[in-house]
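Here are the chains, one letter per residue:
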Amino acid sequence: MKIILIVAKAKNQVIGKDNQLIWKLSADLKRFKNLTTGNFILMGRKTFESLGKPLPNRTHLIITRNPDFQAPEGHYAFLSLEDAVIFCNKLGVDKLFIIGGGEIYREALPLCDQLEITEVDAEPEGDTFFPKIDSDQWKEVGREEFPSDEKNEYPYAFVTYEKI
Ligand SMILES: NC(=O)c1ccc[n+]([C@@H]2O[C@H](COP(=O)([O-])OP(=O)(O)OC[C@H]3O[C@@H](n4cnc5c(N)ncnc54)[C@H](OP(=O)(O)O)[C@@H]3O)[C@@H](O)[C@H]2O)c1
């Protein structure tokens, strides 16, 4: 199984504030949808709450320390990241997407094979951060850069890293 982390992060590593996203980037949402649709997506309980309801056509794996947490029908809750990964391996899942937030990214980064990063050319205030990408462990293998426009409030780049 390939484990792929997907995130949009600012130049100062900020990824969120008050359990919300902090920019309007329609191209990033579109890319997220294209990459993750039809797949299993793993997230922390706080990110799941921030979605409001499950995203269509994706199986949600929610990580929580609360044994009473009930995932919506067709989705699953786990008490650890490792339990979720074991579950996916048993099911023969092809690709697992790690979709945040800060806590889960930090814990999942060592397990990932590929990173799909949207670099947002901004330095917003925030309370949630993405860890530094260690260039001894990760190699940039793709980059596409775009200017801001009416649907994307900052310039941005789609950057792919693979584990060395
Ligand atoms: N820019 C992006 O691409 C992006 C993507 C996703 C999210 N975000 C942002 O990130 C922020 C949320 O991130 P966050 O760091 O606050 O929270 P989070 O990582 O989404 O969720 C944290 C929760 O996950 C559970 N958890 C974490 N580690 C665990 C472990 N080892 N075992 C069991 N449960 C574990 C705990 O849930 P319980 O408290 O229930 O035990 C913990 O409170 C929001 O602002 C969101 O908008 C940004």
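Preceding this paragraph is the structure being described.
Bear in mind that the values here come from a model prediction, so they are computed numbers and not experimental data. (Residues numbered from 1 in each chain as written. Predicted model: local features only at pLDDT ≥ 70, side-chain atom pairs only at ≥ 80, totals over all residues. Heavy atoms only, no water.)

Colleague: Is there a simple way to think about the pattern of salt bridges in this case?
Modeller: If charged atoms from side chains of opposite charge come close, those side chains can pair. Under the defined criterion, the tally for this structure stands at 6 salt bridges. Residue glutamate 116 is joined to arginine 31 by a salt bridge in which the shortest nitrogen-to-oxygen separation is 2.7 Å. Of this pair, glutamate 116 sits in strand S7 (residues 114-120) while arginine 31 is found in helix H1 (residues 26-36), placing the two residues 85 residues apart along the sequence. Within this structure, Glu119, Glu140, Arg143 and Glu145 form a network of salt bridges that share partners. (Salt bridge = Lys/Arg side-chain N within 4 Å of Asp/Glu carboxyl O. Helix = DSSP H or I, 4+ residues; strand = E, 2+ residues; numbered from the N terminus.)

Colleague: Just checking my understanding: could you explain the side chain of threonine 160 for this structure?
Modeller: Of note, threonine 160 is situated in strand S10 (residues 156-163). For threonine 160, a relative accessible area of 15% gives the class buried. A polar atom in the side chain of threonine 160 sits 2.9 Å from the side chain of glutamate 116. Dropping the residues within four chain positions of it, threonine 160 is found in contact with Arg31, Gln114, Leu115, Glu116, Lys139, Glu140, Val141 and Gly142. (Buried < 20%, exposed > 50% of the residue type's maximum accessible area, 1.4 Å probe, protein only. Polar contact = N/O pair within 3.5 Å; in protein donor to acceptor, adjacent residues only side chain to side chain. Contact = heavy atoms within 4.5 Å.)

Colleague: For this particular structure, what's the right way to read the nonpolar core?
Modeller: What tends to happen in soluble globular proteins is that the nonpolar side chains get buried as a cluster. Core analysis: the biggest nonpolar cluster contains 28 residues, and Leu5, Leu42, Leu96, Ile98, Cys112 and Leu115 have the highest contact counts within it. Of all the secondary-structure elements, those providing two or more residues to this core are strand S1 (2-10), strand S3 (40-44), strand S4 (59-63), helix H3 (81-91), strand S6 (95-98), helix H4 (102-108), S7 and S10. At 4 residues, the largest contribution of residues to this core is made by H3. Residues in contact with leucine 5, not counting those within four places in the same chain, are Ile98, Tyr105, Leu109, Cys112, Gln114, Leu115, Glu116 and Phe130. (Core = buried A, V, L, I, M, F, W, Y, C linked by side-chain atoms within 4.5 Å.)

Colleague: Mind showing me how you'd approach the sheet that holds strand S9 (residues 138-146) here?
Modeller: Backbone-to-backbone hydrogen bonds pair the strands of a sheet. The strands run either parallel or antiparallel. If you trace the 8 strands from one edge of the open sheet to the other, you get S5-S4-S3-S6-S1-S7-S10-S9, paired in mixed fashion. Of all the strands in the sheet, the pair left with one neighbour each is strand S5 (76-78) and S9. Direction aside, neighbouring strands of the sheet carry axes that sit 20° apart on average. Where S3 meets S4, 5 bridges bridge the pair, whose relative direction is parallel. Paired with isoleucine 41 across the bridge in S4 is histidine 60. Where H1 meets the sheet, it contacts S1, S3, S6, S7 and S10, and its direction lies at approximately 35° from that of S10. In this fold H3 packs onto S1, S3, S4, S5 and S6, with an angle of close to 170° to the strand it touches most, S3. (Pairing = 2+ DSSP bridges. Axes fitted to C-alpha atoms, helices over the stretch in contact; angles between N-to-C directions.)

Honestly, that's just the spatial picture; any functional story needs more than this.
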